[in-house]
Every structure is written in structure tokens, then in C-alpha cells.
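Working through the structure, step by step
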Amino acid sequence: MISEENGQYLLDIAKKTVSTYLETKQRIFIPEDCPEELKQKLGVFVTINKKRRLRGCIGYPEPVKSLIESTIDVAIAAAFEDPRFPQLTKEEFKDIEFEVTVLTQPELIEVAHPNQYFDEIEIGRDGLIIQKGYAKGLLLPQVAPENGFTKEEFLDHTCMKAGISADSWMDESCDVYKFQGQIFK
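So, here's what we can say about the structure. Model, not experiment: these values are computed from the prediction.

1. A word on the pairing of strand β5 (residues 126-132)
- Burial analysis of β5 places five of its seven residues in the buried class, which makes it a mostly covered element.
- Summarising the sheet, β5 and strand β7 (residues 175-184) pair through six bridges and their orientation is antiparallel. For Ile129, the partnering residue across the bridge sits in β7 and is Tyr177.
- Here five bridges tie β5 to strand β6 (residues 135-139), and the two strands are oriented antiparallel to one another. Following the sheet pairing, Gln131 is matched in β6 by Lys136.
- Hairpin connection of β5 to β6: two residues between the antiparallel strands, including Gly133 at a positive phi of 60 degrees.

2. What about unusual backbone geometry?
- With phi around 60 degrees, Lys25 is a residue other than glycine that occupies positive phi space.
- Examined against the element boundaries, Lys25 turns out to sit in the loop between α1 (4-24) and β1 (43-50).
- Residue Lys51 is not a glycine yet carries a positive backbone phi of 55 degrees.
- Positionally, Lys51 belongs in the loop between β1 and β2 (53-60).
- Classification of Lys51 by relative accessible area gives exposed; the value is 65%.

3. A closer look at the side chain of Ser70
- On the secondary structure map, Ser70 appears in helix α2 (residues 67-80).
- The exposure class assigned to Ser70 is buried, which follows from its relative accessible area of 0%.
- Excluding residues that lie within four positions of it along the chain, Ser70 makes contacts with Leu42, Val44, Tyr60 and Lys65.

4. Brief notes about the packing of aromatic side chains
- All chains considered together, the criterion is met by four aromatic pairs.
- Their ring planes at 70 degrees and their centres at 6.2 Å tell us that Tyr117 and Trp169 sit as a pair that is edge-to-face. Linking Tyr117 in helix α3 (residues 117-120) with Trp169 in the loop between α5 (151-161) and β7, this pair joins segments that are 52 residues apart in sequence.
- Given the relative accessible area of 5%, Tyr117 is considered buried.
- Relative accessible area serves as the criterion here: at 1%, Trp169 is assigned to the buried category.
- Every member of this aromatic cluster is reached through a ring pair, and the members are Tyr117, Phe118 and Trp169.

5. Regarding the state of the cysteines
- Enumeration over the complete set of coordinates arrives at zero disulfides.
- The structure places no disulfide on Cys57, whose sulfur is separated from the nearest cysteine sulfur, that of Cys159, by 18 Å.
- The exposure class assigned to Cys57 is buried, which follows from its relative accessible area of 17%.
- In this model Cys159 remains outside any disulfide bridge; the closest cysteine sulfur is found in Cys174, 5.0 Å from its own.
- Taking the relative accessible area as the measure of exposure, Cys159 reaches 0% and is therefore buried.

6. Points about the environment of Glu153
- Within the fold, Glu153 resides in helix α5.
- Separated by 88 residues in the primary sequence, Glu153 and Lys65 place their C-alpha atoms 32 Å from one another.

7. Re the side chain of Asp73
- Of note, Asp73 is situated in helix α2.
- A relative accessible area of 14% places Asp73 in the buried class.

What counts as what
- Residues numbered from 1 in each chain as written.
- Predicted model: local features only at pLDDT ≥ 70, side-chain atom pairs only at ≥ 80, totals over all residues.
- Heavy atoms only, no water.
- Buried < 20%, exposed > 50% of the residue type's maximum accessible area, 1.4 Å probe, protein only.
- Helix = DSSP H or I, 4+ residues; strand = E, 2+ residues; numbered from the N terminus.
- Pairing = 2+ DSSP bridges.
- Contact = heavy atoms within 4.5 Å.
- Phe/Tyr/Trp six-rings, centres within 6.5 Å; stacked < 30°, edge-to-face > 60°.
- Disulfide = S-S within 2.5 Å.

In C-alpha cells, the structure reads:
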């Protein structure tokens, strides 16, 4: 997907974005030295952890803007707009760690029977998106191994993230997508 060097560049941009926003309440501009590779449209998530615990995570699962623009957007959103957490404070900044996950295009998993999802999903490689009607939930590839999920538990938890019953993935009206992520810490 993208080079390790450019992944580290995105990680630095996420940190600089949040640091600048904490100080000035201003969004940074795209740096003039931005590598060309980061101007392509890809999905991206920024995860903020504090003492190894989630402190914020927001992203664009679909490629809606350039990777650099999206990273700036979601870094601010993860720090200040994640509804699960209060806004990040200046005092906390020294204790947080950033993670940037660059996503591949989500791919619909087509199966004849729900049990076939188990053959199509690889824990640690794939992230999931589950959609049923207007409900939609996403879990990044690293979530399953970090939590010791089986494939069934991964499907269940993605449904719960969508706000639907855990076993909804077995329903024909439910769409299951997989994607991969390139993680930079």
C-alpha cells in the first residue's frame, strides 16, 4: 500500500495536528513537503491510546479525500469528537500514543450460507464492516487479535458496534465486508 517512511510521516502529521489543535484550535495545512503517495484517496483511521487503553478512534472507511487530508481530519476527530470520550486535554497529550491505519477498499464477502464467512475472514489480516439497513459498524483488523476474538466473536462484535443484535451477520439482509489495514505506530 504505502511505504513505511510515508506511514511514519502520516503518524507525525497526526501528532502535529492534535498538538497544534490543542494549542491554537486551528487545523494545520497540508505540508508543502507532503509525499506524492499520500495524495491518493484511501480510507484511514487514527487511534489514540492512553496507557494502552483506547482514548479515541475515528476514521473514514471509504476513500473520500486524499490520505493526507483524511489523516488531518480524523486525527482532530479522534482527539476531540469521539462521542465515547471527553475532548483530549493538553495535560493528557504527553501520555498518549497514536496509531494510523491506512485501509484498502472494503470488499463485499459473498457467501451462500453464513457459516462460509469463517472461510473468508482471517483474524489479524482483515477488518470488518457490517451493514444492515442504515446500521453500520466497523472494527479494524487489529481489534480481533488484541481482544482474542474468534471469527464468530469478531462478527458478533462488529454487529454490536453497528447497534444491531450480535447474530445479525447470519441474516441474509446483512452485508459483511472485509478490508485490510496497514498499521503505523
